[in-house]
Amino acid sequence: MNDSSLYDSLREGDVDSCYRFADKASQGGEELVRYLNTILHFSVSINWNNDIKEHPVIIINSIKNIISDNLNKPSKPLLYYCAKILIKSKIRDDNKYLDQIQNNSTRSSVFVGDLEDAVQSNDWGKAKLFAGEIYLASDRSRAVIDAIADIGLQNIEDNGVYIFHLLRAFHFKQEKSQIWSYACCLINMLKLGSIPEPHSRQDTNPENIFDHIVSQNNFDLLIKYMAVYRIWNGEYVRQNSYNREISNWISSKKSLFASSKIKEPIEVENDIGMNYIEIAEKIIAQEQVSRITEKITLLEAIRHINKIKPDKNLSYYTSRLI
């Protein structure tokens, strides 16, 4: 079995074939890695024009992390669900931009600033061409992904969660042949919103407001916060620029808590257990599609919090997942 076979089965809508790949992946090992990598690659290749918060890469990367809790017996329902939400999706033709650049470009140098200017002026045709030039000039390296993500984080409120999950999805295998698909996915999603000018660095960091955020009992806020918290603690080439934008976003949230004390955690009876795989399976079985991404993404964020700060009371959030 190879990447293209599963990829083609997804594109052609061959449900039985896709589920056979999922069955193989449920045995773990290299079949699981290959399955998840192809599913993630396909998710960033689809021509998605809906809400950025619902982009499939977000939920699939979250499920990928949750599945890792039992690599000996990966969850079939979760593997099936990843394929189900992608089957027969329309795929972009990203290579036409590379062909156009190689055939017509006469530029002797390429600057990230040109890409930034094109994005700021909403000239997305030029943005994609400049991104392609950067990609080709850098020997098809991941530098183009990092550059576009850097620009996208100038609007963390809209793009932060999506960019975090896309960066982590690519990091899973970092296949050089998939870089351009991830770059084009970034551009296609960023054009759905606005990109402000770069912000100034603030003297703060995510750790400063951790308890305040958790105590707000706000699903959307916690999901966004944990995305930037994890980017902040990453090891990215553009980490300094990423953290500049995150510090500004964090500073904007500090005003919400300036005059209030941290709320005492709400005690909730009959809190669900912490088997994240079982919880995820129940969510995809019971919820309407419009709520699944939010709840699975929240579940994955809670899972990470419990790993790094096991003393936090998250019962308000966990009790409302199902």
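See the structure shown above.
What comes next is a walk through the structure. (Residues numbered from 1 in each chain as written. Predicted model: local features only at pLDDT ≥ 70, side-chain atom pairs only at ≥ 80, totals over all residues. Heavy atoms only, no water.)

Quick look at the overall build of the protein chain
- In terms of helices and strands, the protein chain carries 17 helices and zero strands.
- For 322 residues, the compact-globule formula gives about 20 Å, and the C-alpha radius of gyration of the protein chain, at 20 Å, lands near that figure.
- Across its three principal directions, the C-alpha atoms of the protein chain cover 65 × 50 × 30 Å.
- Looking at the 322 residues of the protein chain, the share that counts as buried comes to 51%.
- Across the protein chain, every contact between residues at least 6 apart in sequence was considered, and the portion connecting residues at least 24 apart equals 76%.
- Working note: accessible area of the protein chain is about 14800 Å², and carbon and sulfur atoms make up 44% of it.
- Between the averaged position of the 39 positive side-chain charges in the protein chain and that of its 42 negative side-chain charges there is a distance of 1 Å. (Helix = DSSP H or I, 4+ residues; strand = E, 2+ residues; numbered from the N terminus. Rg over C-alpha atoms; globule rule 2.2 N^0.38 Å. Buried < 20%, exposed > 50% of the residue type's maximum accessible area, 1.4 Å probe, protein only. Contact = heavy atoms within 4.5 Å. Areas by Shrake-Rupley, 256 points an atom, 1.4 Å probe, with all protein chains shown as cover. Lys, Arg positive; Asp, Glu negative; His and termini not counted. Charge placed at Lys NZ, Arg CZ, Asp CG, Glu CD.)

Things to note about unusual backbone geometry
- With a phi angle near 60°, N122 is a residue other than glycine that sits in the positive phi range.
- Its place among the elements puts N122 in the loop between α7 (112-120) and α8 (124-137).
- For N122, a relative accessible area of 48% corresponds to the partly exposed category.

Quick look at the pattern of salt bridges
- A full pass over the atoms with the stated rule returns 18 salt bridges.
- For D211, the salt bridge goes to K312, with nearest N and O atoms at 2.4 Å. A residue pair is termed long-range when its members are at least 10 positions apart, and D211 in helix α12 (residues 210-215) and K312 in the loop between α16 (289-308) and α17 (315-318) qualify at 101 residues.
- On the basis of relative accessibility, which here comes to 34%, the residue D211 falls in the partly exposed class.
- Residues joined by salt bridges that share partners form a network here, namely E157, D220, K224 and K253. (Salt bridge = Lys/Arg side-chain N within 4 Å of Asp/Glu carboxyl O.)

The values reported here are purely geometric and, on their own, carry no functional implication.
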